[in-house]
Amino acid sequence: MTEIKDLLHFNETVAGFRRRNGKVVSNCFLMPDEITKLSSEGKLFTVEGSGWLLIISDSTDYSNLYYYTTEDSDTEEAKKLIAQAGDRDLFIDIVTKNSRGDKATPAKLIEAGIAEPYKNYVRLQQFIKDMDFDKYDATLAEGYYWAEDYDNYDEAMKLWKLGLDEKSTPLPTKESFLKHKEDGSILFIVDKDNNLAAVYVISISGNQSLLQHLCVSPEHRRKRLGDSMIYKSFHYSRDKGVKKFIFWAFEDNIPILNLMKRFGFVEDGTLCEQLIVKK
């Protein structure tokens, strides 16, 4: 594999593959700032073969795999290239909207025994102009408190791991955790003994706010803490100039889908299908 040095290197690699191969399909939705960050940390790699360009983004104990490929590419070549990716599991995200997108490649990878289905997410959205902020009261139940000075990363990770699939939904690194804490975009609720009851992350990009990693401790549920966190995230995002909220959820997580729809969120037709390559 070849390490990608920076955004220019990434763009030149992809452009060269396109020139050599003509029409290609891809699942790569990495944004320029993500490419810059990953490459600066030495976590972005590429490997190319006949009809395939693979981009591999490393994490702690697994990697994300993005592909550029021709419509008639050989899956045996993909298998050979994937073998160079080390011993970690590989996750492949295929994002489609209203049934548009690359459906053939995922099916070929599954049929060839290279990958298997893992999880499906649906995306919901809500525009700020359509929201009545007067009804979003973030007052907490008695005995609970907002804790802006909370900084126990290990406890937050422990809580996230109870309710989130950390491979399917990569959890914040300690560096990211501290950055969110500095700008107030991570919300904590504690009980009277300063035990962590709930945690939530708000990621703002441009005029969009991605609401993610909401988790309430089992012993503190049914106190409407989740509602309070969502309400507070609405106000925080509006004050930062956000125009639209985005929220991803497992397609079979009916309770959270119903909750967000109660807040006015609607499915926008976008589906993220995840495959896994087990090493």
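A brief look at the structure comes next. Values in this document were obtained by computation on a predicted structure and should not be read as measured data.

## Considering the packing of aromatic side chains
No. 1: Enumeration over the complete set of coordinates arrives at 17 aromatic pairs.
No. 2: Pairing F234 with F245 gives two aromatic rings, centres 5.0 Å apart and planes at 45 degrees, and the pair type is tilted. Residue F234 is found in helix α7 (residues 225-239), and its partner F245 is found in strand β12 (residues 244-250); the two are separated by eleven residues along the sequence.
No. 3: For F234, a relative accessible area of 0% corresponds to the buried category.
No. 4: Measuring from ring centre to ring centre gives 6.4 Å for F245 and F265, while their planes differ by 40 degrees; the resulting arrangement is tilted. Highlighted residues: F245 in strand β12 and F265 in the loop between α8 (254-262) and β13 (266-277), separated in sequence by 20 residues.
No. 5: The ring of F127 is capped by K129, whose NZ or CZ atom sits 5.5 Å from the centre of that ring.
No. 6: When the ring centre of F133 is taken as origin, the NZ or CZ atom of R238, which lies over that ring, is 4.3 Å away.

## Regarding the pairing of strand β11 (residues 208-216)
No. 1: Two strands pair when backbone bridges link them, and strand β10 (residues 196-205) and β11 are joined in this way by seven bridges, in the antiparallel orientation. When the sheet's bridge partners are listed, A198 is paired in β11 with V216.
No. 2: Where β10 folds back onto β11 in an antiparallel hairpin, the turn is made up of two residues, including G206, whose phi is positive at roughly 65 degrees.
No. 3: Examined bridge by bridge, β11 and β12 share four bridges and lie parallel to one another.

## A few points about the side chain of D93
No. 1: Summarising the element assignment, D93 is placed in strand β6 (residues 89-97).
No. 2: It turns out D93 is buried and unbridged, and the closest side chain with the opposite charge, K119, is 12 Å from it.
No. 3: Other than its neighbours up to four places away in sequence, D93 contacts N27, F29, N64, C272, E273 and Q274.

## Re the environment of G22
No. 1: Its place among the elements puts G22 in the loop between α1 (7-21) and β2 (25-26).
No. 2: When the C-alpha positions of G22 and K243 are compared, they lie 38 Å apart, and in sequence the two are 221 residues distant.

## Focus: the nonpolar core
No. 1: Among the nonpolar cores identified, the biggest contains 35 residues, and F234, F247 and F265 are the most heavily contacted of them.
No. 2: Those elements that provide at least two residues to this core are β7 (116-127), β9 (186-191), β10, β11, α7, β12 and α8.
No. 3: At six residues, α7 tops the list of elements feeding residues into this core.
No. 4: Leaving out residues up to four positions away in the same chain, F234 has contacts with M131, F133, Y136, L211, F245, F263 and F265.
No. 5: Residues L54, L81, I94 and A115 belong to the second largest nonpolar core, which totals 18 residues.

Scoring rules and cut-offs
Residues numbered from 1 in each chain as written. Predicted model: local features only at pLDDT ≥ 70, side-chain atom pairs only at ≥ 80, totals over all residues. Heavy atoms only, no water. Phe/Tyr/Trp six-rings, centres within 6.5 Å; stacked < 30°, edge-to-face > 60°. Helix = DSSP H or I, 4+ residues; strand = E, 2+ residues; numbered from the N terminus. Buried < 20%, exposed > 50% of the residue type's maximum accessible area, 1.4 Å probe, protein only. Lys NZ or Arg CZ within 6 Å of the ring centre and 35° of its normal. Pairing = 2+ DSSP bridges. Lys, Arg positive; Asp, Glu negative; His and termini not counted. Salt bridge = Lys/Arg side-chain N within 4 Å of Asp/Glu carboxyl O. Contact = heavy atoms within 4.5 Å. Core = buried A, V, L, I, M, F, W, Y, C linked by side-chain atoms within 4.5 Å.

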